[in-house]
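Observations on the model geometry
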Amino acid sequence: MHQDLEPQPHAVVIGAGIGGLAAAVGLRASGWRVTVLERAASLEPVGSGIGLAPNAQRALDVLGLGDRVRALAAWEGDGGMRAQNGRWLVRTSAATAERAYGGSLVMLHRATLVDLLVSALPEKSLRTGARARLADRGTAHRPAVVTTDDGDIDADLVVGADGIDSAVRAALFPAHPGPVYAGFTAWRFVIPAPDRPFAPHETWGRGGVWGTHPLKDGRVYAYATARLPEKGRAPDSEKAELQRRFADWHDPIPGLIDAVRAEDILRNDVRHLTTPLPAYHRGRVALIGDAAHAMAPSLGQGGNQAIEDAVVLAHHMAPVAHHVPPGADLAAGLAAYSAARVPRTTEIVRRAARAARLTHLTSGPLIGIRDAFVSTATRLGPDFVMRSFSSIADWRPPQPPYAAGTTTGAAERQQAGDSRR
């Protein structure tokens, strides 16, 4: 196949999370030879569930995986936002989301998404247990260099996908202050679905949030957040901590906490990059995902934006793949990538931070005002509340999907063609 012919420019991806794997798939489809270096001994994704909004699904169309992800959708009926006592603040549905955004949310386990991405790569391109360090970011006339335990690798392009504490980011922008604590902690877990069905929901309470969503495989993904000092831990167990904080919230929350084993609960402090980077590249190195723009989970866009990054980077690197060595056109492509991604992701980071402040209010009167406003806005029409998210979810990739045979891709290409007539 074309991707395995030499000569090809060589891209080294540091980090095999969702963003790194998506970048590898996209770059390979754009004509690059790709090596993914992951320091962990195996790919065992931490984070339980991930919600893929229509913008990420369209990006996955470019990678040939969009329809496979849509087939995993479990949300078919009603859902929405609730108050701590169970009162519905917003009632919506998959059909409403389809009208507002051109698609609805697909909730799946992160491991499922990782497996799909890995399946689109040659086995030899992924190296686990491989510690990697950026030794030289390179120039238009000199390759970048990545140091590993097995020796140095010269790279025409390096993709820093090494997460919120990115060493690649620190090497490119040493003066940047890095991530800061967002003011709240998150818990997540996945368990078998309870016998009694429930509508998917996110609940806004006093100083915290709870979310419960069914998965296609018969399990439930649950998450919770609460305002707490940084670097804290429960004195007994995280299950006991959840019971103290959420046991008096509406059903099915207490039962889900009772059903989960303490050792299956993940807890982590939420941090974000409130100081934006001036660019997402330097030399021959690009940053994607949390390494570039870590954000609070309030809008559910962290992983979604990483997938967008991957597709946009691959788009701007596609013309470069035809020139070995890439030379000055690589610099132009990376500059175009930064120009496309920095404004959008910076705004989403800010909006996620604002949403986090709104959902973690502790004042009773302010909570009452917030809930009343949301309920009133909903009565203006179910689409009214959802419009605030439409500028995120209606994003479309900068090129037609590579996966020419996908149902969604074909429909969107037909629509684009009709609009040009």
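Before going into details, it helps to say that this report is about the structure given with it. In this text, all values refer to a predicted model and were calculated from it rather than measured experimentally.

Moving on, we get to the pairing of strand β14 (residues 208–214). Counting buried positions over the seven residues of β14 gives six, a clear majority of the element. In this structure, strand β13 (residues 201–204) lies alongside β14, joined through four bridges in antiparallel fashion. Looking at β14, one finds that H201 is bridged to T212. Linkage of β13 to β14, two consecutive antiparallel strands, is achieved through a turn of three residues, within which G207 is found at a positive phi near 70 degrees. Of the strand pairs in this sheet, β14 and strand β15 (residues 219–227) are connected by seven bridges, and their pairing is antiparallel. Directly across from G208, in β15, lies its bridge partner A226. Adjacent in sequence and paired antiparallel, β14 and β15 are bridged by four residues, among which G218 carries a positive phi angle near 90 degrees.

Opposite charge on two side chains allows them to pair when their charged atoms are near. The final tally for this structure, using the stated rule, is 20 salt bridges. The closest approach of N and O atoms between D165 and R271, which form a salt bridge, is 2.9 Å. Within this pair, whereas D165 is found in the loop between β11 (157–160) and α6 (167–172), its partner R271 is found in strand β16 (residues 266–272), the two being separated by 106 residues in sequence. For D165, a relative accessible area of 51% translates into the label exposed. Residue R271 is classed as partly exposed on the basis of its relative accessible area of 24%. Here R267 ties to E238 by a salt bridge, and the two come within 3.0 Å at their closest N and O atoms. Within this pair, whereas R267 is found in strand β16, its partner E238 is found in helix α7 (residues 238–246), the two being separated by 29 residues in sequence.

Definitions and cut-offs
Residues numbered from 1 in each chain as written. Predicted model: local features only at pLDDT ≥ 70, side-chain atom pairs only at ≥ 80, totals over all residues. Heavy atoms only, no water. Buried < 20%, exposed > 50% of the residue type's maximum accessible area, 1.4 Å probe, protein only. Helix = DSSP H or I, 4+ residues; strand = E, 2+ residues; numbered from the N terminus. Pairing = 2+ DSSP bridges. Salt bridge = Lys/Arg side-chain N within 4 Å of Asp/Glu carboxyl O.

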